[in-house]
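Listed below, chain by chain, are the residues.
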Amino acid sequence: MATPQPLLSTRTTFLVCYDIANDRRLRKVFKTCRNYGNHLQYSIFECELNPREKARLETELKDLIKHDEDQVLFVSLGPSEGRGDRVIAALGLPYTHFDAPCYVV
């Protein structure tokens, strides 16, 4: 009889970052993200999501933002139990890659 293998986590850690042009929409996006993760900074949440939760969050945010004015980024930090390659996807305005170094103060 084979030994049961431990289940790998299906949760992935995401940084959900947003730039919302309207204060009313900003408050709604904040409240929505608060239901899914930990608030890290003004417009950044860390969310551990399974694929279904991520799809639900994306759908809720798509309905809130104005796609030609606002931007929401999902930065994948890899599996919650480890770290993989960074993948960035954008809703609304496209993501622009900056080559400048990132400093954390």
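Residues numbered from 1 in each chain as written. Predicted model: local features only at pLDDT ≥ 70, side-chain atom pairs only at ≥ 80, totals over all residues. Heavy atoms only, no water.

With respect to the UniProt feature "binding site: Mg(2+)" (unreviewed entry) in the protein
The UniProt record marks Asp19 with the feature "binding site: Mg(2+)" (unreviewed entry), using the residue numbering of this structure. Checked against the element boundaries, Asp19 lands in strand β1 (residues 12-19). Those residues in contact with Asp19 that lie beyond four places of it in its chain are Glu69, Asp70 and Gln71. (UniProt positions renumbered as here; feature names shortened; annotations may be inferred. Helix = DSSP H or I, 4+ residues; strand = E, 2+ residues; numbered from the N terminus. Contact = heavy atoms within 4.5 Å.)

What about the packing of aromatic side chains?
Counting across every chain of the model gives three aromatic pairs. For the pair Phe14 and Phe74, a centre-to-centre distance of 6.3 Å together with 85° between the ring planes defines the contact as edge-to-face. Here Phe74 lies in strand β4 (residues 71-79) and Phe14 lies in strand β1, a separation of 60 residues in the sequence. Each member of the pair, Phe14 together with Phe74, is buried. Ring centres of Tyr18 and Phe45 lie 6.4 Å apart, and the angle between their planes is 25°; this geometry places the pair in the stacked category. Of the two residues, Tyr18 is situated in strand β1 and Phe45 in strand β3 (residues 44-49); the sequence distance between them amounts to 27 residues. For Tyr18, a relative accessible area of 6% corresponds to the buried category. The class for Phe45 is buried, based on a relative accessible area of 0%. For Lys54, the ring lying beneath its charged end belongs to Phe74, and the centroid distance is 5.1 Å. (Phe/Tyr/Trp six-rings, centres within 6.5 Å; stacked < 30°, edge-to-face > 60°. Buried < 20%, exposed > 50% of the residue type's maximum accessible area, 1.4 Å probe, protein only. Lys NZ or Arg CZ within 6 Å of the ring centre and 35° of its normal.)

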